[in-house]
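Now for the letters of each chain:
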Protein chains: 4
Amino acid sequence: MTQHPSDSALGSGNTGTADDSTDDGPLTVVMPDGYQAIRHVTETLCINLDPEDCLAQSMADTSPAKWHMAHTTWFFETFVLQPHAPNYKCFHPQFSFLFNSYYNGAGERHARPQRGLLTRPSLRTVLEYRAYVNDHMMELLRNDSCDRAADEVCRVTEIGLHHEQQHQELILTDIKHLFSKNPLLPAYRAPLRTRNDPIGSTEGLDWITIPEGVHRIGQGDPSFSFDNERPAHRVFIEPCQLGDRLVSNREFRDFIADGGYDRSDLWLDQGWLAVQREEWRAPLYWRGGANDYSEFTLSGERDLEDNEPVSHVSFLEADAYARWADARLPTEAEWEVACKGRIVEGNFAESGRFHPEAAAIRPSRATTGSTDQQSPSGVDSRLNQTGSGEPRQLFGDLWEWTRSSYDPYPGYRPDAGTLGEYNGKFMCNQFVLRGGSCASAQAHLRASYRNFFHAPDRWQFTGIRMTKESA
Amino acid sequence: MTQHPSDSALGSGNTGTADDSTDDGPLTVVMPDGYQAIRHVTETLCINLDPEDCLAQSMADTSPAKWHMAHTTWFFETFVLQPHAPNYKCFHPQFSFLFNSYYNGAGERHARPQRGLLTRPSLRTVLEYRAYVNDHMMELLRNDSCDRAADEVCRVTEIGLHHEQQHQELILTDIKHLFSKNPLLPAYRAPLRTRNDPIGSTEGLDWITIPEGVHRIGQGDPSFSFDNERPAHRVFIEPCQLGDRLVSNREFRDFIADGGYDRSDLWLDQGWLAVQREEWRAPLYWRGGANDYSEFTLSGERDLEDNEPVSHVSFLEADAYARWADARLPTEAEWEVACKGRIVEGNFAESGRFHPEAAAIRPSRATTGSTDQQSPSGVDSRLNQTGSGEPRQLFGDLWEWTRSSYDPYPGYRPDAGTLGEYNGKFMCNQFVLRGGSCASAQAHLRASYRNFFHAPDRWQFTGIRMTKESA
Amino acid sequence: MTQHPSDSALGSGNTGTADDSTDDGPLTVVMPDGYQAIRHVTETLCINLDPEDCLAQSMADTSPAKWHMAHTTWFFETFVLQPHAPNYKCFHPQFSFLFNSYYNGAGERHARPQRGLLTRPSLRTVLEYRAYVNDHMMELLRNDSCDRAADEVCRVTEIGLHHEQQHQELILTDIKHLFSKNPLLPAYRAPLRTRNDPIGSTEGLDWITIPEGVHRIGQGDPSFSFDNERPAHRVFIEPCQLGDRLVSNREFRDFIADGGYDRSDLWLDQGWLAVQREEWRAPLYWRGGANDYSEFTLSGERDLEDNEPVSHVSFLEADAYARWADARLPTEAEWEVACKGRIVEGNFAESGRFHPEAAAIRPSRATTGSTDQQSPSGVDSRLNQTGSGEPRQLFGDLWEWTRSSYDPYPGYRPDAGTLGEYNGKFMCNQFVLRGGSCASAQAHLRASYRNFFHAPDRWQFTGIRMTKESA
Amino acid sequence: MTQHPSDSALGSGNTGTADDSTDDGPLTVVMPDGYQAIRHVTETLCINLDPEDCLAQSMADTSPAKWHMAHTTWFFETFVLQPHAPNYKCFHPQFSFLFNSYYNGAGERHARPQRGLLTRPSLRTVLEYRAYVNDHMMELLRNDSCDRAADEVCRVTEIGLHHEQQHQELILTDIKHLFSKNPLLPAYRAPLRTRNDPIGSTEGLDWITIPEGVHRIGQGDPSFSFDNERPAHRVFIEPCQLGDRLVSNREFRDFIADGGYDRSDLWLDQGWLAVQREEWRAPLYWRGGANDYSEFTLSGERDLEDNEPVSHVSFLEADAYARWADARLPTEAEWEVACKGRIVEGNFAESGRFHPEAAAIRPSRATTGSTDQQSPSGVDSRLNQTGSGEPRQLFGDLWEWTRSSYDPYPGYRPDAGTLGEYNGKFMCNQFVLRGGSCASAQAHLRASYRNFFHAPDRWQFTGIRMTKESA
């Protein structure tokens, strides 16, 4: 259903700013080493999982880890090896049916909600499948030179690696969801370290000003991007201000304590219906209530950390929170403009933490020790402040819901062929998220990157950044 | 569910262009005569309906005519008479519960899908209810002068009249849907006259150029508008071209004949799911197939008229059609800019036709007799043409699906109080439509007017205008 | 869905005991007068209903009164006039489609849940349809003599009249359900008289002994019966005892007060699921709680009468109540044996009350003034008593749920042809009810009569008679 | 949902006839050896399954093998060890929540449709759980002597072992269903041997006469039985005849070829709805059509064997088939009477075949070589024959659907306490099956044994035996 874009600067280094793409389109992944490195990450993510853990599917939106491993492999087999590797013989004649996700152009496929029933092929067989395809891919990539056919191999391989990174993130979010459904609440990784720095994000919020005017957004340079980021184009932005960090657990607790889930006036109509239908009383992985919330993490359940950003909220909750705080969510254009000239850095999957962190302390504030920033109520003070500090947590930690429906850019053209089903056909009833999360590969992100999910979705690592009109 | 905005220039004349609103905000409806005139239209629309016709509800999205009559009356009772008419006594203590639509702020309400069960109050009683409220309203409006309280009365009354006009349109669309479900296929009005002019819209399509640049859209003047049209703001538009008329039945038949409903590659994912789930094979009210389609109209069933614009298509079908034709739907900003300086005129409800008409012949074309404009296939010729003629059918005939999700404008603020539930809370998973239809009151429309429905909705008078990037 | 059998002794008198049917099969209805009389009752039942009341359908299980009026007429047109009346011309070519209920053998039909959308034909037209068919039927019946063809006309006409009586009962139960859904709680008839006799049914319960042995049940004589009552056959009954009256509202209140709806151990699995899914806390038409229950009746809402039998309970509630009272429901064979030699008399539709009455005072008890029969707790005393008094309320008042699934009798053969769809095809997942109700025609009932509904159904006039094994 | 009774004669020998139970109630299982033997069978059944195979749940009606293994262990822990083993310490504090099936009396439980999400505890841990509980059970059973407490331990242990045998059968049926959903169609066991004897069951059918009169059914002796088989009681049976073998695949193919799935007149209303809703065109595990059906078995897919009995049909299909063949299904009483004096022998799980076999050739027929029994059409000849041969396949091969709803016997009392939830609460909307199947333990069956499933259920090993009235 929901489908997810991606990118990778792995190999080409990640030192440039987010929009300095003026070269003439070299691969962002160095072949064949980049192929090997990215593919290897997938196995690494599953190394602590039992075969049983890799089989189960906790809802129609998620997929088993084993399926992710096989599907990403199917991608290379179908779109690279079959058309381009001479005499390539498919690993198994039925895997094409079993591991196609949603590409109508690639034929029939196994029903999505029944992925958890595929006890066979076993995990072992899927790992053999991966090795088999990797061997053939490496052979193909090694022999490749720069003739016309080779370009096509590299181009599709690059897409396949970005696709792989997207599924790496999904392995994490889907396992988290699966484990949360198990009353034993198993942990995917070792406990999170206790942070020594109690000072965190709940100091008052600063606001970053976006000046009015015509801005250029979208991906205009020839380096890798998904079709939904193109073409680069101009937008007019009315003046506004973005919060300089994500909304924290403490702030969201204030929202709940103030009756946030009980007041219909704070919610979109779809939101209020969801609150009642799903009986939402808190973010997805919170348990308990009032002053003793616990939170399920990939390290198991633990006490809620007030300073960490609130995560696993739906667009509907993010929107309601912002309305309660007399603010709104940013548009995707506002968000992207705020990233201009900034490096993609933050709390990404590479750290292995797989959990958002409290915003770093603002240097200026820290030195001046402005302790008065934190008012008792939290909210009013936030909104009365203005400033022009540095934005924090733009990349990593949590995907940020924007107020923008996932619509095509002016002049949008999907990629040709079956791969054109990747993004465009989902441009209906979804909302754009920006910035990547603690489960995303750092090399996968860029400022123009558009992720998208449905308004009620909560199982991704999603958070809230507030915005308001300039006074 | 889906909810609908409105406006009325009735009384103030409708002679200005669509955006010449520079006065300082007089009422667009002259009171109390405008009140009486608009309210009277509602009864007129129901004059040929039996009490039984006025009771039935054909699906959860529609409402019985009787309910529309009572609900619009409840609006004045609740928002004008109760707060402002001294000693006003409600007509019936339970009508507030029965006839509230979705205003959480106005208390509990009868379940929407059960509106068709309200055999009591009888139609006769509802008509008495209307008369009773009208009497009190007229008294209040006559006594009103220009003090502060009076302004509030007039302001809310004006909203109520625009609201009434929206429900007048819904009476027509809902009766059409209801009658279409009856195997007897009853007619709401007398047969449509046979047109003497066989020359119609299927001459080749011209394209209207929208120049790139910063444009201003939304309602900025003080005359009436709904909150969702405000504030006026700047947008940047990349250069593009809009079709100069709506897509015709003949053209849509070509789409079907070319396998339009069978090719997944033409559809958004939501669209392809809907095609399969709903077994769509043609627009909502078409029956038969291939070369002998008939169409259900408010005048009963009759042969499909090739030159009339295709109607009762969903956003999903409009989008698929445009993709098939190598075009796209316009954004709402593009559409609004195309209206600049144009008068609101067209085939509206006032004509009593309640059915879209073939586009008028282009003056220039008609005189030059350019019969070669109509290629056999229809489509290719359309798209190869360019031009800068006058757009036709921008207003009236059919609501035009835009490619724009129904999102808030920058700086949007809902109206204060319960009436603020009117528009803003529906800004999720709906698409904007523009221009009004043959079931809309002419005085109700303006260029900035934003209607909105869900992507699969088909029972409104909806049509397709194509757009493409400038070469 | 649920479908309902019937019979009529109208015309032949109702003086015999329920099982003395030894004659050789004369019609139980004298033609043509009986035809006219029974048909006329239907119009009479609708005389106080508005056309709007006759249109609405409150759920898929119910039908509009107008539909009942038309469907019963369709029966005569389809099964009598079309095959047997020379040159008969159908009233309207599409009524066969509109008013077929579930006879696959009689062709396609309008979808059941959409009966409430048939605003056309109007009520007036349906009444004309009735008159038209009646005229032709009367002509046919008058000219009929006793040749072979005539027998077939009379046989099917007789079935049609029993069928009409079943739908007369449904008109009442369906209107009651519809009106109960209207917050205005309209009344179908004038208020129930206040009873002057406060002494009622809550005196202690006596038990009627059924002796063990082989009994004959089912209809064995040639007078009218439905196919599901045939053939008469032998059953062995182990000794048991039936309560001599229906369970009262007061007794059912005790069940509720004792946590009846909160204790899973009292319920069948299907029952406990229904309690949770439907949030049952009391019988269908009760409102309020604890000591101030009100009950919706065909005379509107009024205070609950403790001595009246509890009505509008599902099989699942009846079963749970009996288990709570350390008893069980009777089998249909036990019930039928208890009727041996008894006249069909009781509180039927003919009285126009349309509501069950408290059981009559037992003559013997009344004279001996055994006031000690009524213990404070009600239940224990009931079950410790034994006796062999006269059973009360076997016929009329309320249909009595039995513990018997609706299965075919040994040797059962459905009637030939399309009319064979009447009963047999519903013999799955329904339960048998016996004895008729205050909404049934007295002449329609007999001891062998088998009604049947689904376990969760509550909108019929249904009640509870307890049974226990003999000590 | 559907729940299943059981019994075991293991240890006491299985040499008696099915109803010679006149002893005074010794255990039918010799402890502790019987405990160990029966428990061991469960592990054996799973020996060829991967941990992944043991996790997945293919629909809400089925359960994972791992869950079956844990749930049966939970039974002993909850009902034997906790109340009776001094100082017993539960293996894991949350297993009581995870592995309770439906006993409300035993507390809350994990949602049934989410059993497939329990990747933890791992299969290994569940096997340790089994070993832990077995150790404690063996210790308890060894120390037990015949005092009062000991009787309770043995009584409940015996129930637990019958319960275990029921779940052994479910492991097989649930794995079969799971594997059938996998496009790879994996095999649970080695291929079925090819039978050398082509002569099979499609010789003409003989009929076994059941004489009319009062018969005694149900379990009256003190050896083990489930509460739903008690008390023994008398029934009257009208004379009838039972088919002497199960209906074969060939015969069922004739039904299909004759339009069996296309003719509404052959079906119960529920059946016809199911045919349309589920798009039934053949028994559950058939694939292909007309003359090339294949069938999925626990040995994988193979060609359909005409002489084997048709299996995996619902009650609704069995009923339709019988109606087509101008016969009916037997009542459970008729079936049980036909078993009088017969030994429980047949094709049971002990053989490891796990698939029904063609009926053995009738000795008498075989010698007389009555080849004329088999008419071309199959059906007419079958029904015109009468005879009084020996019934075949009464036990084993396939559970036989009866025409009897699963109702309580007269005088039925559920077992006391939580174990009373075992059977009685499911006595609503299910049908009785008799005789056991190729997946049942032979020692588990007896003539009075009542199994029960819902009318549309098809995933059990179910078949058809025809019955007709005596001429």
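Conventions adopted
Residues numbered from 1 in each chain as written. Chains lettered and ligands numbered in written order. Predicted model: local features only at pLDDT ≥ 70, side-chain atom pairs only at ≥ 80, totals over all residues. Heavy atoms only, no water. Axes fitted to C-alpha atoms, helices over the stretch in contact; angles between N-to-C directions. Helix = DSSP H or I, 4+ residues; strand = E, 2+ residues; numbered from the N terminus. Parallel < 35°, antiparallel > 145°, perpendicular 65-115°, else oblique. Contact = heavy atoms within 4.5 Å. Phe/Tyr/Trp six-rings, centres within 6.5 Å; stacked < 30°, edge-to-face > 60°. Buried < 20%, exposed > 50% of the residue type's maximum accessible area, 1.4 Å probe, protein only. Lys NZ or Arg CZ within 6 Å of the ring centre and 35° of its normal. Least-squares fit on C-alpha atoms with pLDDT ≥ 70 in both. Pairing = 2+ DSSP bridges.

Participant: Looking at this model, I keep getting lost on the packing of helix 1 (residues 33-45) of chain A against helix 4 (residues 123-143) of chain A. Mind explaining?
Facilitator: Packed helix pairs are characterised by how far apart their axes lie and by the angle those axes make with each other. Residues and elements named next belong to chain A. The contact between helix 1 and helix 4 brings their axes to 11 Å, and the two run at 175°. As summarised for this structure, helix 1 and helix 4 are arranged roughly antiparallel, according to the angle between their axes. On the side of helix 1, the interface is formed by Tyr-35, Gln-36, Arg-39, Thr-42 and Glu-43, while helix 4 contributes Leu-127, Arg-130, Val-133, Asn-134, Met-137, Met-138 and Leu-141.

Participant: Just checking my understanding: could you explain the packing of aromatic side chains for this structure?
Facilitator: Two descriptors summarise a pair of aromatic rings, namely the distance from one centre to the other and the angle between the planes of the rings. Summed over the entire model, instances satisfying the criterion amount to 143 aromatic pairs over all chains. Their ring planes at 90° and their centres at 6.4 Å tell us that B:Phe226 and B:Tyr449 sit as a pair that is edge-to-face. With B:Phe226 in the loop between strand 2 (213-217) and strand 3 (233-237) and B:Tyr449 in the loop between strand 9 (431-434) and strand 10 (451-453), the pair connects residues that are 223 residues apart, well separated along the chain. Residue B:Phe226 is classed as buried on the basis of its relative accessible area of 3%. Residue B:Tyr449 is classed as buried on the basis of its relative accessible area, which comes to 1%. Taken together, a centroid distance of 5.6 Å and an interplanar angle of 40° make the contact between D:Tyr261 and D:Trp267 tilted. Residue D:Tyr261 shares its accessibility class with D:Trp267, and that shared class is buried. Taken together, A:Tyr35, A:Trp74, A:Phe75, A:Phe76, A:Phe79, A:Tyr102, A:Tyr103, A:Tyr406, A:Phe426 and A:Phe452 form an aromatic cluster joined through their ring pairs. Above the face of the A:Trp67 ring, A:Arg115 is positioned so that its terminal group lies 3.5 Å from the ring centre.

Participant: Please explain the relation of the copies chain B and chain A as it appears in this structure.
Facilitator: What relates the two chain copies is a rotation about an axis together with a slide along it. Each copy of the sequence occupies a distinct position, and chain B is placed on chain A by a rotation of 180° and an axial shift of 0.0 Å, giving an RMSD of 0.0 Å. Expressed as a symmetry operation, the mapping of one chain copy onto the other fits a two-fold axis.

Participant: Help me understand the sheet that holds strand 4 (residues 240-243) of chain D, please; the structure alone is not making it clear to me.
Facilitator: Within a sheet, each strand pairs with its neighbour through backbone hydrogen bonds, oriented either parallel or antiparallel. Residues and elements named next belong to chain D. The three strands lie next to each other as 1-4-12, forming an open sheet whose pairing is antiparallel. The sheet terminates laterally at strand 1 (207-210) and strand 12 (467-469), the two strands that pair on one side only. For this sheet, the mean angle separating the axes of adjacent strands, direction not counted, is 25°. In this sheet, strand 4 lies alongside strand 1 in antiparallel orientation, the contact comprising four bridges. Note on strand 4: the bridge partner recorded for Ile-210 is Cys-240.

Participant: Looking at this structure, how should I read the relation of the copies chain A and chain D?
Facilitator: Overlaying chain A with chain D gives an RMSD of 0.0 Å, the required rotation being 180° about an axis along which the chain moves by 0.0 Å. Comparing interface residues between copies, 100% of those in chain A also lie at the interface in chain D; the contact surface is shared.

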